[in-house]
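Spelled out, the chains give:
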Amino acid sequence: MTMHSGRGFAAINYPIGMNLGGDPSQALVHSNPDGKFTVALSSIDLGQGMKSVTRQIAAETLGIPVADVYVDTADSDTGPHCMGSFASRGTHRVGNAVIEAATEARGVMLEAAAEELEVNPEDLVTDGKGNIHVRGAPSRSITTAEACGVAQFQQGKTVSGRGIFLIPLSDVDPDTGEMTPVSCFAHAALVVDLEVDDMTGEVTVLKMNSAYEVGRALNPRLVEQQLIGGAWMGVSHALYETTEPYYPDRSHGPQDFGSYIMPGPGEVVPHDIAILERPAPDGPFGGKGPGEMCANPVLPAVANAVFNAVGVRITDLPITPEKILRGIKANGGAQPQGIV
Amino acid sequence: MIEFRKDIFADERDDNLNEIGKPTRRQDILGHVTGRSPFYDDHQFEGLLHLKCLRSPHHHARIRSIDTKPAEQMPGVHRIIQGSDVKVNLNTLLSLMNFGEDDEPVLSDKKVSYVGEPILAVVAETERQAFDAIAKIRVDYEVLPHVLDPEEALQPNAPLVNETMPGNAFPYHEKYNHQKLRFGDVEAAFAQADHIVEDRYQMSPIEQAPIEMCGAIAAPETNDRFVCYTSTQALFFSLGTAAKVLDVPSNRLHFIGGTVGGGFGGKVDSLHEPLAILGCMLTGRAVRYAFDRQEEMQVGAPRGAERWYIKDAVMNDGRITARKFTGYFDVGAYTRLSSYAIIKAAGHLPGPYTIPNVYADIYCVYTNRTPATAMRGFGITGVDFAIESHMDQIAHKLGMNPIELRLINSYMDGDMKAHRREAKNTALVECMQVAAEKSGWNIAPDFKAMSSHNGGEGWRSEIPHTVTDTNGQIGNGVPASTVRPATTSIPAYVPSQNPSYAAPPAQPARPVSPPTPQSNVQATPTAPPQASAPASSSTPKRPRVSRFSSISGTRRR
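Just so we're clear, the structure is a prediction, and the values are computed from it rather than from any experiment.

Caption draft 1: Just the domain arrangement of chain A, in detail. Residues and elements named next belong to chain A. You can read the domains of chain A as domain 1 (3-16 + 184-330) and domain 2 (25-165). The C-alpha-based centres of domain 1 and domain 2 are spaced at 39 Å. Between domain 1 and domain 2, the residue contacts involve 15 residues of the former and 17 residues of the latter. Note on domain 1 versus domain 2: buried area summed over both sides is about 1,200 Å², and carbon and sulfur give 60% of it.

Written out as structure tokens, the structure reads:
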């Protein structure tokens, strides 16, 4: 039995949003009289942080602390239409709708403040801490709570906004495939280090180093969670998972987690991540969407590392010990390619 | 360990924002960690009934008759729901965006096309009682030949899986039995290549495996409405689907969700909401319909199996001058969202590289298996596995550093992509440089100095003279099934009555690259011929082609 070290690389890009457009999402934003805002959506928080990231986007746009915003989703009676949380569209599409809605609401809030301060709304700025003041004259100020209160109780204004984001549907040319598939791409490159046991065919992934370009990390902690979880899923796809182990034959399909194999806590791979941020021109504050793409580079990087370790090229996923051993046998033994 | 490389692209960002870029705690985290967040299944009702489905034990069978009488007498049974109870018992998900043909029954009581397909539903006081009643239902099946391999399914004699889809292939743009991508002339580049590198890649079917399984609870609401608590990933998708198949105005349905225990794409299909609401309409009681784990894994739609053939023309210096794909998406018995994902895949090719000649034929193929649906990376993950494995095979063949090979071919700002749009806002080069640096994988100084800003020079920004063809044409009285798929060395389909796969078969000899049918090839000057001359920089942009039908290829009729 010999353990062979292998190193593999992969690089990818990923299209953000339903790729041909035609997928609108809406947002409604309103304030109560003490300047606390609600964002009403019908988007879904699957654990990816939909509520949290739209809350930050709304707070940033309104110019108020994040604690002054709550996101309410999803109730079809109160939340406006949204296509849903899939296709990496949540942050990009819904985030933009929230910006539009929050911008309109902010405009009313500043108009109300301007009337109180007897200045032009264009001369007002927010400090992000709950205050509105005249640009260059911080002492001439009013709180966002006071502005929302006078708007509603004295000026008869609703501090609210509507937003929608839609990329119009693209045509596709049947003969050439010409189309306008997406407006922005996220990017990643990843290096996997692993070991292959040439007696059992077992693969142990030791380490990952990666760089992910996400447009803008709107919440760096949520980005980190996505990337760690996504890399775990990538390892799982590469080495373990399938509902049809003898595809295209349908037999021996797993029925539960006893037979549907996934990495356990002991197989979570140490992962050093670098985040790059090249803002997308049409992304909310430049944000793209790291959630879907982050598993993708792991699958080929693992396959490439297995080849590097023992000289066996597996082209059918998952890369099971059985396939590796059959490959080693067919080659007349392990053929380490040498670490680069 | 995570680091933020704020030094890269720093001049394209304003980093002085108040809330954006802060590691703010999740709005809903307290509820989650204290077990208080309301997921759909936390909404319990007095007298809640449970719905379970009778499912097909066969890959493919006609249903001669169903005898439900013994089940009706079973304890706790309130209602047996048949296909005839569903007002519009044929649907396709993307019909809500006005795309695709209705091709899937809610309850399939005439013919079943995959193991696990729902035939009818039993509503009972407990799940156990529902299962006990289902066990008493007698179904007379006429077992039909089935097909499980997508390339076999495209053979002329293959069993017809889905009556809506002749030839077992989705009709793209009412014109071809596959999605085409054509850019340049791959055959000319193959003829001049130093090396041809080709292989076949197979993505496995994969379960989304959310911790919270798919389900819905429907209950009567005041004023003749119905409330539905659901685990859906797409609230209005599910609401619209329920309104359509039940033929009720959408405002009589009140959907509540938004807090979901993972989805990964597996909660878009809207299978549960319509049946739970229908059960509620027929019994007047609250009804819960939820997958158990076994159903989630074998009946719930997985990530589909994809098979990709790649053939590349490669020069000794590492330049890839042509890349040709043939892809087969095994979508199972019904379309769900796969027709769309294939167009997404077509727009993604040839991966993040600038290659002057690109060709793809991608087939959306019906087989007698559980329908596939969305999963994290839908349309992209499988082909990325193929492309990036292939890049390493090329590097190995040339004896090159695999990162340097990728940098040579990397796409950059200003490059023309194969779908004929300019690449913008790219960052592949920088990601590769940083990953190499972090892992201590050495690349030469020239490659460390590259930048995504420097693309778009010469031929890289131009649309080449393109060869097109009419292979796989449908319509005009030519059934799609008579059009040979892009493979020739697969034997004629023989239904295997009792395949034995107890031990996995040895790797069969396989066609490494499906040959292209040579018929109907025509050179169409889609761009001025001088576009292929490297010096030409004034190539006019190709005018938009005439409007075609839709994203998923056919307009609903």
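Caption draft 2: Representation of the interface of chain A and chain B in the model. With 140 residues of chain A in contact, the opposing surface of chain B contributes 142 residues. Taken over both partners, the interface formed by chain A and chain B buries close to 12,000 Å², and the fraction arising from carbon and sulfur atoms is 56%. With its nearest N and O atoms 3.4 Å apart, the salt bridge here joins Asp-15 of chain B to Arg-216 of chain A. The tally of links between chain A and chain B comes to 73 residue pairs in polar contact (both at pLDDT 80 or more).

Caption draft 3: Up close: unusual backbone geometry. Across the junction of Tyr-247 of chain A and Pro-248 of chain A, the peptide omega takes the value 10°, indicating a cis bond. Structurally, Pro-248 of chain A can be placed in the loop between helix H4 (220-239) and strand S11 (271-276). The linkage connecting Leu-317 of chain A with the following residue, Pro-318 of chain A, adopts the cis geometry, with an omega of -5°. Residue placement: Pro-318 of chain A occurs in the loop between helix H5 (298-310) and helix H6 (321-330). Unlike most non-glycine residues, Asn-98 of chain B shows phi in positive territory, near 70°. Mapped onto the secondary structure, Asn-98 of chain B falls in the loop between strand S4 (77-81) and strand S5 (111-112).

Caption draft 4: Region of interest: the domain arrangement of chain B. Residue and element names in this part refer to chain B. Taken domain by domain, chain B holds domain 1 (47-144 + 208-298) and domain 2 (150-205 + 303-395 + 466-488 + 512-532). Between the C-alpha centres of domain 1 and domain 2 the distance comes to 35 Å. On the domain 2 side, the residues contacting the 25 residues of domain 1 number 25 residues. When domain 1 packs against domain 2, the two sides together hide about 1,900 Å² of surface, and 51% of this comes from carbon and sulfur. Considering only the surface of domain 1 that becomes buried against domain 2, Asp-103, Tyr-114 and Gln-208 emerge as the three largest contributors, covering 27% of it. Glu-163 is the partner of Lys-111 in a salt bridge, and the nearest nitrogen-oxygen pair spans 3.3 Å. Here domain 1 is connected to domain 2 by 15 residue pairs in polar contact (both at pLDDT 80 or more). Grouping the constituent residues of the side of domain 1 that touches domain 2 by class yields nine nonpolar, nine polar and seven charged.

Caption draft 5: Geometry of the sheet that holds strand S10 (residues 203-213) of chain A. Across the sheet, which stays open at both edges, the five strands sit in the order S1(A)-S9(A)-S10(A)-S11(A)-S1(B) with mixed pairing between neighbours. Edge positions in the sheet fall to strand S1 (3-15) of chain A together with strand S1 (2-4) of chain B, since each of these pairs with one other strand and no more. Strand-to-strand twist across the sheet, computed as the mean angle between neighbouring axes with direction ignored, equals 15°. Bridge count for S10 of chain A against S11 of chain A is six bridges, and the pairing is parallel. Residue pairing in the sheet places Ser-210 of chain A in a bridge with Ile-273 of chain A of S11 of chain A.

Caption draft 6: Molecular detail of the packing of helix H6 (residues 235-246) of chain B against helix H7 (residues 272-283) of chain B. Residue and element names in this part refer to chain B. Taken N-terminus to C-terminus, the directions of H6 and H7 make an angle of 50°; their axes are 9 Å apart at the nearest point. Accordingly, the angle class assigned to the pair H6 and H7 is oblique. Judged by the twist between their axes, the crossing of H6 over H7 is right-handed. Between H6 and H7, the contacting residues are Ser-238, Thr-241, Ala-242, Val-245 and Leu-246 on the first element and Glu-273, Pro-274, Ile-277, Leu-278 and Met-281 on the second. Here the contact of H6 with H7 is built from residues that sort into seven nonpolar, two polar and one charged.

Caption draft 7: Representation of the side chain of Glu-273 of chain B. Residue and element names in this part refer to chain B. Considering the arrangement of structural elements, one finds Glu-273 in helix H7. Despite being buried, Glu-273 has no salt bridge partner; Lys-267 is the closest side chain of opposite charge, sitting 9.7 Å away. Excluding its chain neighbours within four sequence positions, the residues that come into contact with Glu-273 are Ala-216, Cys-228, Thr-230, Thr-232, Ser-238 and Phe-255.

Caption draft 8: How the structure looks around the environment of Asn-162 of chain B. All names here are of chain B. One can find Asn-162 in the loop between helix H4 (150-153) and strand S8 (179-183). Placed 29 residues apart in sequence, Asn-162 and Ala-191 show a C-alpha to C-alpha distance of 40 Å. Polar side-chain contacts of Asn-162 include one of 3.0 Å to the backbone nitrogen of Thr-164. Reaching out from Asn-162, the side chain makes a polar contact with the backbone oxygen of Ala-333 at a distance of 3.0 Å.

Caption draft 9: Layout of the packing of helix H2 (residues 90-117) of chain A against helix H3 (residues 144-153) of chain A. Residue and element names in this part refer to chain A. Running from amino to carboxyl end, H2 crosses H3 at an angle of 90°, the nearest separation of the two axes being 8 Å. One element, H2, and the other, H3, form an angle in the roughly perpendicular class. Along the contact surface, H2 presents Met-109, Ala-112, Ala-113 and Glu-116, while H3 presents Thr-144, Ala-147, Cys-148, Val-150 and Ala-151. Taken together, the residues of the contact of H2 with H3 break down into seven nonpolar, one polar and one charged.

Caption draft 10: Representation of the packing of aromatic side chains within the structure. Counted by the stated rule, this structure contains twelve aromatic pairs over all chains. Ring geometry for Phe-185 of chain A against Tyr-411 of chain B: centres 6.5 Å apart, planes inclined by 80°, an arrangement best described as edge-to-face. One end of the pair, Phe-185 of chain A, is in strand S9 (residues 185-197); the other, Tyr-411 of chain B, is in the loop between helix H11 (402-409) and helix H12 (428-439), on a second chain. By relative accessible area, which is 9% here, Phe-185 of chain A ends up buried. Residue classification places Tyr-411 of chain B among the buried residues on the basis of a relative accessible area of 2%. Counting every residue linked through ring pairs, the aromatic cluster contains Trp-308, Phe-325 and Phe-329 of chain B. In this arrangement the basic side chain of Arg-313 of chain A is found over the ring face of Phe-307 of chain A, its NZ or CZ atom lying 4.9 Å from the centre. The ring of Tyr-359 of chain B carries Arg-182 of chain B above its face, with NZ or CZ at 3.6 Å from the centroid.

Caption draft 11: Molecular detail of the sheet that holds strand S6 (residues 118-124) of chain B. Residues and elements named next belong to chain B. If you trace the seven strands from one edge of the open sheet to the other, you get S4-S6-S2-S13-S10-S11-S12, paired in mixed fashion. In this open sheet, the two strands that pair with only one neighbour each are S4 and strand S12 (253-256). Within the sheet, the average angular offset between the axes of one strand and its neighbour, ignoring direction, is 25°. Here strand S10 (residues 215-221) pairs with strand S11 (residues 225-230) via six bridges, running antiparallel. Within S11, the position partnered with Pro-220 by the bridge is Phe-226. Of the strands in this sheet, S11 and S12 are in contact with H6, which crosses S12 at around 150°. H7 rests against strand S2 (49-55), S4, S6, S10, S11, S12 and strand S13 (287-290) of the sheet, and its axis sits at about 35° to S10.

Caption draft 12: Quick look at the pattern of salt bridges. All names here are of chain B. Tallied over the full model, the rule gives 54 salt bridges over all chains. Of the charged contacts in the structure, one is a salt bridge between Arg-225 and Glu-221, with a shortest N-O distance of 3.6 Å. In this structure Glu-221 comes out as partly exposed when scored by relative accessible area, which is 25%. Residue Asp-224 is joined to Arg-252 by a salt bridge in which the shortest nitrogen-to-oxygen separation is 3.2 Å. Placement of Asp-224 in the loop between S10 and S11 and of Arg-252 in the loop between H6 and S12 is noted, with a sequence separation of 28 residues between them. Each of Asp-41, Lys-52, Arg-55, Glu-127, Arg-288 and Glu-295 takes part in a single network of salt bridges with overlapping partners.

Caption draft 13: Local environment of helix H9 (residues 338-348) of chain B. Taking burial as the measure, the eleven residues of H9 of chain B include eleven buried ones, the bulk of the element. Where H9 of chain B is buried, its residues touch S1 of chain A together with S8, strand S14 (305-314), strand S15 (320-330), strand S16 (358-365) and helix H10 (381-398) of chain B.

Caption draft 14: Quick look at the nonpolar core. Residue and element names in this part refer to chain A. Ranked by internal contacts, the top residues of the largest apolar core, which has 132 residues, are Leu-194 and Tyr-212. The contact partners of Leu-194, leaving out residues within four places of it in the chain, are His-4, Ser-5, Gly-6, Val-203, Thr-204, Val-205, Leu-206, Val-302, Ala-305, Val-306 and Ala-309. Core analysis: the second largest hydrophobic core is formed by 45 residues, Val-98, Ala-113, Cys-148 and Ala-151 among them.

Caption draft 15: Here's a closer look at the environment of Phe-285 of chain A. Here Phe-285 of chain A lies in the loop between S11 and H5. When the C-alpha atoms of Phe-285 of chain A and Gly-333 of chain A are compared, they prove to be 53 Å apart, with 48 residues separating the residues in sequence. Ignoring sequence-local partners within four residues, the contact set of Phe-285 of chain A consists of Ile-57, Glu-60, Thr-61, Ile-99, Arg-216 and Leu-218 of chain A together with Leu-17 and Ile-20 of chain B.

Thresholds applied
Residues numbered from 1 in each chain as written. Chains lettered and ligands numbered in written order. Predicted model: local features only at pLDDT ≥ 70, side-chain atom pairs only at ≥ 80, totals over all residues. Heavy atoms only, no water. Domains from an automatic or database assignment. Contact = heavy atoms within 4.5 Å. Buried area = accessible area lost by both parts, 1.4 Å probe. Salt bridge = Lys/Arg side-chain N within 4 Å of Asp/Glu carboxyl O. Polar contact = N/O pair within 3.5 Å; in protein donor to acceptor, adjacent residues only side chain to side chain. Helix = DSSP H or I, 4+ residues; strand = E, 2+ residues; numbered from the N terminus. Nonpolar A, V, L, I, M, F, W, Y, C, P; charged D, E, K, R; others polar. Pairing = 2+ DSSP bridges. Axes fitted to C-alpha atoms, helices over the stretch in contact; angles between N-to-C directions. Parallel < 35°, antiparallel > 145°, perpendicular 65-115°, else oblique. Left-handed = near helix turned anticlockwise from the far one by under 90°. Buried < 20%, exposed > 50% of the residue type's maximum accessible area, 1.4 Å probe, protein only. Lys, Arg positive; Asp, Glu negative; His and termini not counted. Phe/Tyr/Trp six-rings, centres within 6.5 Å; stacked < 30°, edge-to-face > 60°. Lys NZ or Arg CZ within 6 Å of the ring centre and 35° of its normal. Core = buried A, V, L, I, M, F, W, Y, C linked by side-chain atoms within 4.5 Å.

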